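# Overview (structure and organization)
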Amino acid sequence: MSNYIAMLRGINVSGHNIIKMERLRACFAALGLANVKTYVQSGNVVFEAAQDAAGVLSGKIAQKILSDFGYSVPVLLKTFKEMEKIIKRNPFLKAPGIDHSKLHVTFLAAEPPPMALEKLQPLAEKPERLHITGREIYLYCPNGYGNTKLSNTAIEKKLSVGATTRNWKTVNALLAMAQ
């Protein structure tokens, strides 16, 4: 069994795609997933499962959500070890003057295209910063994520890749829950 972290895009945001966490946990459990736990009301689920390919497992979860709730929801999965590496790789953690409460990670559904940084950099307004490593985009938004042009929608448009973003507190809480 492996510990997984599922991040669902667009659940319970601005009154859209409302799913009660109790029902979401039951949905995951119905797939035979074990020790299902949710974190806050925005589609964060931690669970245990046999070591399936993440793509296959995320597809099963997305299909079950569509079947149970009628919503087509992108599901991004990370293993405990992957999330641990993502946290350790954040280039802004040791940078001077960085307020950790203003850090975010955008998780991409696929590898970003070549020149991804060049495509996104014009969206970053000073003093915002971004860094791409693998399928993650590390963001520093000192004026707040709600005020940046580096939103999920903008990133998806520029890169033609599905994305979902979590704040630094949530990323760390999900790792702790999966431990």
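Above this note sits the structure.
A brief structural summary. Worth saying up front: this structure is predicted, and the values here are computed from it rather than measured. (Residues numbered from 1 in each chain as written. Predicted model: local features only at pLDDT ≥ 70, side-chain atom pairs only at ≥ 80, totals over all residues. Heavy atoms only, no water.)

## Section: helix α2 (residues 54-69)
The α-helix advances 3.6 residues per turn, and as a result positions three or four apart in sequence lie on the same side. The terminal C-alpha atoms of α2 lie 22 Å apart, and with 16 residues this matches the ideal 22 Å at 1.5 Å per residue to within 8%. As for α2, its buried residues are in contact with β1 (2-8), α1 (21-30), β3 (44-49) and β4 (75-79). (Helix = DSSP H or I, 4+ residues; strand = E, 2+ residues; numbered from the N terminus. Expected span 1.5 Å × (residues − 1). Contact = heavy atoms within 4.5 Å.)

## Brief notes about the side chain of Arg166
Among the structural elements, Arg166 can be located in strand β8 (residues 163-167). We note that Arg166 is buried and unpaired, the nearest opposite charge coming from Glu156 at a distance of 10.0 Å. A polar contact is formed between the side chain of Arg166 and the backbone oxygen of Leu8, at a distance of 3.1 Å. A distance of 2.5 Å separates the side chain of Arg166 from the side chain of Asn44, its partner in a polar contact. (Buried < 20%, exposed > 50% of the residue type's maximum accessible area, 1.4 Å probe, protein only. Lys, Arg positive; Asp, Glu negative; His and termini not counted. Salt bridge = Lys/Arg side-chain N within 4 Å of Asp/Glu carboxyl O. Polar contact = N/O pair within 3.5 Å; in protein donor to acceptor, adjacent residues only side chain to side chain.)

## Focus on the sheet that holds strand β6 (residues 129-133)
With respect to topology, 4 strands assemble into an open sheet ordered β6-β7-β5-β8, the strand pairing being antiparallel. Taken across any chain shown, the strands that pair with only one partner, and hence form the sheet edges, are β6 and β8. Taken pair by pair, the neighbouring strands of this sheet meet at an average axis angle of 20 degrees, ignoring direction. Summarising the sheet, β6 and strand β7 (residues 136-140) pair through 5 bridges and their orientation is antiparallel. Counterpart to Leu130 in the pairing with β7 is Leu139. Sitting on the sheet, helix α5 (residues 152-159) is in contact with β5 (103-108), β7 and β8, with an inclination near 145 degrees to β8. (Pairing = 2+ DSSP bridges. Axes fitted to C-alpha atoms, helices over the stretch in contact; angles between N-to-C directions.)

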